Amino acid sequence: MIRCEGVGLRYDHGDGPEVLRDLGFTVPEGGFRWLLGPSGAGKTSLLRLLHLAVRPSRGRLLLLGVDISATGRAALPYLRRRIGMVFQDFQLLPHLSAFHNVALPLRIAGRPEGQIRADVAEMLRWVGLWRKVQALPAELSGGEQQRVAIARAVINRPTLLLADEPTGNLDDTQAERLMQLLQEMNRLGTTVVVATHNDGLVSRHPAPLLRLANGRLVGGGSVRPREPARALDPLHHG
Amino acid sequence: MADRRAARLRPAGFDDLGLQRALSDRLLPLLVGAMTFLAALACSGFFAAATLARHWQEGAANSLTVQVPRAGDPALAGHAGTRRDAALAILGDTPGIISVRALTDGELSDLLRPWLGRSAETLSLPLPAVVAVHASGAGPDLGKLAARLAAAAPGTLVEQHEAWVRRLSLMALSLQACAGLMLFVVAMVAALVVILATRAGLAARRQAIEIVHGLGATGGYIAGRFARRATWLAAFGAGLGAALSLPVLLGLAGLAAPFAQSRIIAEGEAPGGLPWAALAALPSELWLALPALPAAVAALGWLAAQATVRLWLRRLP
């Protein structure tokens with residue numbers, strides 16, 4: 001469950017301009033949200049906030065039942081392990097093979113090596129990269145790197161899955177497969193928030209919206225799942 | 001607990017942060033090795049000063065020298081014989097004195113030869129009798145002894161070596177303090193080298209650290225990766241530095257042997273010839289300190305890397 005109450009965010013140790021302002025919304029446990037808005041609206045900042053890469057400058061943020069504003073640094077790593085994140089720029093470790101990149105969250109969490117090998121093999125097979133387990137990110141295409149990043153984000157079966165333009169480098173087939181994966185994880189109880197500019201994807205997979213503009217929430221929250229997103233949100237302009 | 005388990009299960013040599021490139025395996029060991037070399041020299045200086053002080057104290061702290069002028073003249077105050085005989089008798093009777101030995105004319109000539117040359121024996125100088133006295137722990141009451149000797153042989157001087165020993169001991173202590181200070185400075189420089197190398201590594205691997213941090217790595221996990229690499233490099237460099245210091249220390253021990261307790265080299269008493277003698281000339285404390293140095297430097301490297309990384313990680317949420 002995610003709950004934002006009057007959340008604001010400033011960078012540069014609170015000295016920079018406020019990039020997120022007065023955010024107030026709730027995503028229930030097992031919910032799915034499209035995060036929409038023009039470039040610079042604050043989508044990535046909100047995802048960073050939900051990924052605990054930054055802390056709110058003000059307001060109250062409850063994530064997976066934990067009040068982040070009142071939680072010490074020592075507890076955050078264990079919370080982050082329950083959150084999967086697909087970055088727009090992949091953020092793969094360039095010196096590690098695809099296998100080791102995907103295995104990283106499991107190794108950090110202290111999973112047995114036997115389980116790691118089995119899980120990573122299965123995941124890489126699922127994303128169609130089993131033949132490239134030893135390839136370094138530089139040896140993979142943009143789409144392949146994207147799939148490695150997705151595999152890494154979901155390998156730990158996160159409670160909350162965040163994705164920043166996850167289909168940006170995928171063809172339509174791969175994008176549909178990714179959406180099937182996200183929906184399957186959502187069906188199994190994972191809360192999912194996906195930031196995208198892909199109108200077609202939103203149309204094909206309607207779900208409630210969180211719409212940002214200039215760091216403020218300007219729409220969403222009351223949309224029912226499975227209704228066409230455009231019909232529910234006429235303000236949407238990609 | 002989970003972190004420790006993860007560390008056990010990770011494949012050998014798994015380098016998720018890419019530290020094999022970020023923390024150079026040349027510059028850090030080289031600098032730490034040089035620091036360890038200096039630390040080994042400082043250790044040897046420390047132990048050598050301690051050995052010399054002990055040697056001086058054992059050899060001279062309980063010694064007295066008594067000079068009896070006009071030793072052949074008759075003794076006064078009712079003593080029979082010459083003044084030398086009277087002094088020897090008084091010294092022999094005094095509680096707290098273990099042994100009394102009058103130096104022979106030949107020994108006196110040997111003592112004077114550096115100043116008077118070979119003519120010392122032919123100049124017919126009125127030399128005093130010199131008596132070497134070895135006292136027990138508490139020693140005699142010097143005031144009463146001097147008074148009794150002066151009564152029997154006026155002008156007799158009692159010289160206690162304790163003052164010289166105290167000065168020499170103070171000097172040895174100062175040398176030890178200097179060596180200890182040098183050891184401390186060297187340790188601080190070694191720690192600084194590790195800190196700077198770790199900071200350079202942090203700057204070079206910042207993105208990888210942020211990624212791993214975002215995946216849920218704890219401060220202990222990240223600091224542990226850096227500390228493991230820094231410890232290995234520091235231990236390697238320190239081992240090399242300690243090994244290279246050994247021949248230098250053996251050479252110095254050989255030079256210092258005649259002045260210290262160890263007469264093994266000087267007198268060729270050791271079995272098996274000079275190499276064994278040179279090894280035996282090193283103080284036993286140094287044989288313990290030399291292998292301990294790489295371990296201590298490795299521990300210092302671990303601590304410095306851990307502290308640096310944990311401090312740096314505080315900038316991340």
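Figured I'd write up the structure that's included with this text. Computed from a predicted model, the values in this text were never measured in an experiment.

1. With respect to the interface of chain B and chain A
- Contacts between chain B and chain A engage 18 residues on the former and 24 residues on the latter.
- Those elements that place two or more of their residues in the side of chain B that touches chain A are α1 (2-9) and α8 (206-214) of chain B.
- Broken down by element, the residue count for the side of chain B that touches chain A peaks at five residues, all from α1 of chain B.
- Among the residues forming the side of chain B that touches chain A, the class breakdown is ten nonpolar, four polar and four charged.

2. Remarks on the packing of helix α7 (residues 162-204) of chain B against helix α12 (residues 284-313) of chain B
Residue and element names in this part refer to chain B.
- Direction vectors running N to C along α7 and α12 enclose 45°, while the axes themselves pass 9 Å from each other. The angle between the axes of α7 and α12 places the two elements in the oblique class. As for how α7 packs across α12, the hand of that crossing is right-handed. For the pair α7 and α12, contact is made by Ala187, Ala190, Ala191, Val194, Ile195, Thr198, Arg199 and Leu202 and by Val297, Leu300, Gly301, Ala304, Ala305, Thr308, Val309 and Trp312, respectively.
- Across the contact of α7 with α12, the residue classes tally to twelve nonpolar, three polar and one charged.

3. Side note on the nonpolar core
- Val102 of chain A together with Ala230 and Ala234 of chain B are the most contacted members of the largest nonpolar core, which has 131 residues in total.
- Element by element, the count of residues in this core is highest for helix α3 (residues 27-60) of chain B, at 15 residues.
- Residue contacts for valine 102 of chain A: discarding those within four places in its chain leaves Val120, Met123, Leu124, Val148, Ala151, Arg152 and Ile155 of chain A.
- Leu64, Val131, Val133 and Leu145 of chain B belong to the second largest nonpolar core, which has 19 residues in total.

4. Side note on the sheet that holds strand β1 (residues 63-68) of chain B
All names here are of chain B.
- One open sheet holds the four strands; their spatial order is β2-β3-β1-β4, and the pairing between them is antiparallel. Of all strands in the sheet, those with a lone pairing partner are β2 (97-102) and β4 (157-160), marking the two edges. Averaged over neighbouring strand pairs, the angle between their axes works out to 20° when direction is ignored.
- Set on the sheet, helix α4 (residues 83-93) makes contact with β1, β2 and β3 (129-135); between it and β2 the angle comes to about 165°.

Criteria and thresholds
- Residues numbered from 1 in each chain as written.
- Chains lettered and ligands numbered in written order.
- Predicted model: local features only at pLDDT ≥ 70, side-chain atom pairs only at ≥ 80, totals over all residues.
- Contact = placed C-beta atoms within 7 Å.
- Helix = DSSP H or I, 4+ residues; strand = E, 2+ residues; numbered from the N terminus.
- Nonpolar A, V, L, I, M, F, W, Y, C, P; charged D, E, K, R; others polar.
- Axes fitted to C-alpha atoms, helices over the stretch in contact; angles between N-to-C directions.
- Parallel < 35°, antiparallel > 145°, perpendicular 65-115°, else oblique.
- Left-handed = near helix turned anticlockwise from the far one by under 90°.
- Core = buried A, V, L, I, M, F, W, Y, C linked by C-beta atoms within 7 Å.
- Buried ≥ 20, exposed ≤ 12 C-beta atoms within 10 Å, placed from the backbone.
- Pairing = 2+ DSSP bridges.

None of the figures reported here should be taken as evidence of function without further support.
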